[in-house]
Amino acid sequence: MTPATRAQLQIHLCVLLWGFTAILGKLITLPALPLVWWRMLLVAAALALVPRVWRGVRALPRRLLLSYAGIGVLVALHWLTFYGAVKLANASVAATCMALATVFVAMVEPKLAGRRFSRAELALGISVLPGVALVVGGIPDGMRIGVAVGALSALFVALFGSLNKRLVEHADPLVVTAVELGAGAIALTLLAPLMPLLFPAFAGPLFVLPGAADAGYLVLLAFACTLFPFALSLAALRHMSAFSAQLAVNLEPVYAIVLAIVLLSEQQELSLPFYLGVVIILAAVLVHPLLARPRRITHPEVLAVGESRDVTD
């Protein structure tokens, strides 16, 4: 097996594992806040056991450390709203909303990452609006708040992804991940007392051990769907072009929706217009790599964290 073929299989395995995050979010009975808090805490605690990470954190300049910590707060808000969308709607709706991250990236990245604005990407973003309308019209009324929360989550992806891309060359990827997730867990701890007032649907106690089933799912979420694919993707992306990687990563909502149908039977909750809207949105998302100039990925750590990722540089 050639390195390129092995890399393709590895990156698709990563995308499949990322697709399971929405499924696990639905299976875990915890509200969104404690769910995200435990996920971030487990990963940050595991990374804290790595001496290389501690050395890297101590070596970070104060300004860069604070920058990564601020990005970590955005990551926490992304995961909080993502799992909120799963709880308020379902895994399929939340995964579809994540496909909108590419659209938001086209709008915010030129400003945040300092690259040239692309009219073609803006046109692509506008082209998904009919798909969004169909998605909203194809779900029960009670799930529409989930679409709004999911779209907000996609915006947070675009924000922290663009900022990470701007700062990606300044630190080890594992160090960045540890700082961001650790800062996110601290931010959620501080936010917890206000959550019943701000968004009661997300609120829940943090310092209560989850039940056996939830604990098992949280371990899978933290390690099998976060740390393991992150490490595997670092190896795979060194043997892939940006185009191939972006195309594979953009399939994440497809994997998530198929898994939701197979494992959760969510097709019974959704109508034909929803799936037509999904097709329009995903078509635009899969076209996105065509707008970027293919090149070798030299900094695969831009994957960082998040349910939807932009790996082109």
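### Let's talk about the overall build of the protein
Line of reasoning, step 1. Looking only at helices and strands, the protein has 15 helices and zero strands in total.
Line of reasoning, step 2. Counting only residues that meet the buried cut, the protein has 53% of its 313 residues in that class.
Line of reasoning, step 3. Sequence separation of 24 or more characterises 88% of the internal contacts of the protein that already satisfy a separation of 6 or more.
Line of reasoning, step 4. Summing over all exposed atoms, the protein offers an accessible surface of approximately 13300 Å²; the carbon and sulfur share of this is 71%.

### What about helix H12 (residues 212–236)?
Line of reasoning, step 1. Between the first and last C-alpha of H12 there are 34 Å, a value that for 25 residues agrees with the 36 Å anticipated at 1.5 Å per step.
Line of reasoning, step 2. Its axis deflected by about 30 degrees at Pro229, H12 carries its strongest bend there.

### Some details on unusual backbone geometry
Line of reasoning, step 1. Unusually for a residue other than glycine, Ser265 sits at a positive phi of about 55 degrees.
Line of reasoning, step 2. Note on placement: Ser265 falls in the loop between helix H14 (252–264) and helix H15 (272–291).
Line of reasoning, step 3. Look at Ser265 and you get partly exposed, because its relative accessible area is 31%.

### Some points on the pattern of salt bridges
Line of reasoning, step 1. For the structure shown, the criterion picks out two salt bridges.
Line of reasoning, step 2. Asp172 serves as the salt-bridge partner of Arg52, at 2.6 Å between the closest nitrogen and oxygen. Residue Arg52 is found in helix H3 (residues 51–59), and its partner Asp172 is found in the loop between helix H9 (144–167) and helix H10 (173–191); the two are separated by 120 residues along the sequence.
Line of reasoning, step 3. Residue Asp172 is classed as partly exposed on the basis of its relative accessible area of 26%.
Line of reasoning, step 4. The partner of Arg144 in a salt bridge is Asp141, with the nearest N and O atoms 3.4 Å apart.
Line of reasoning, step 5. According to the relative accessible area criterion, Asp141 is exposed, its value standing at 60%.

### Quick notes on the confidence of the model for the protein
Line of reasoning, step 1. When pLDDT is averaged across the protein, the result is 85; 90% of the residues are at 70 or more.
Line of reasoning, step 2. Across residues 298–313 the pLDDT falls below 50, and counting only partners more than four positions away or on other chains, this stretch makes 63 contacts in the model.

### Brief notes about the environment of Val149
Line of reasoning, step 1. With respect to the helices and strands, the residue Val149 is situated in helix H9.
Line of reasoning, step 2. Assessed through its relative accessible area of 7%, Val149 is described here as buried.
Line of reasoning, step 3. In this structure the C-alpha to C-alpha distance between Val149 and Ala94, which are 55 residues apart in sequence, comes to 8.6 Å.
Line of reasoning, step 4. Filtering out sequence-adjacent residues up to four positions away, Val149 remains in contact with Thr81, Gly84, Ala85, Leu88, Phe199 and Phe202.

### Focus on the packing of aromatic side chains
Note on aromatic pairs: each is described by the distance of the centres and the angle between the planes.
Line of reasoning, step 1. The final tally for this structure, using the stated rule, is five aromatic pairs.
Line of reasoning, step 2. Measuring from ring centre to ring centre gives 5.1 Å for Trp37 and Trp38, while their planes differ by 75 degrees; the resulting arrangement is edge-to-face.
Line of reasoning, step 3. What makes Trp38 buried here is its relative accessible area of 15%.
Line of reasoning, step 4. Relative to Phe207, the ring of Trp37 has its centre 5.3 Å away and its plane inclined at 75 degrees; by these criteria the two rings are edge-to-face. One end of the pair, Trp37, is in helix H2 (residues 32–48); the other, Phe207, is in the loop between helix H11 (195–198) and H12, and 170 residues separate them in sequence.
Line of reasoning, step 5. Looking at Trp37, the relative accessible area reads 6%, which means it is buried.
Line of reasoning, step 6. Look at Phe207 and you get exposed, because its relative accessible area is 67%.
Line of reasoning, step 7. Feature note: the residues Trp37, Trp38 and Phe207 constitute an aromatic cluster, connected by ring pairs.
Line of reasoning, step 8. Over the ring of Trp79 we find Arg39; its NZ or CZ atom is 3.8 Å from the centre of that ring.

Calculation rules
- Residues numbered from 1 in each chain as written.
- Predicted model: local features only at pLDDT ≥ 70, side-chain atom pairs only at ≥ 80, totals over all residues.
- Heavy atoms only, no water.
- Helix = DSSP H or I, 4+ residues; strand = E, 2+ residues; numbered from the N terminus.
- Buried < 20%, exposed > 50% of the residue type's maximum accessible area, 1.4 Å probe, protein only.
- Contact = heavy atoms within 4.5 Å.
- Areas by Shrake-Rupley, 256 points an atom, 1.4 Å probe, with all protein chains shown as cover.
- Expected span 1.5 Å × (residues − 1).
- Bend = angle between axes of the 7 residues up to and from the residue.
- Salt bridge = Lys/Arg side-chain N within 4 Å of Asp/Glu carboxyl O.
- pLDDT = per-residue confidence, 0-100.
- Phe/Tyr/Trp six-rings, centres within 6.5 Å; stacked < 30°, edge-to-face > 60°.
- Lys NZ or Arg CZ within 6 Å of the ring centre and 35° of its normal.

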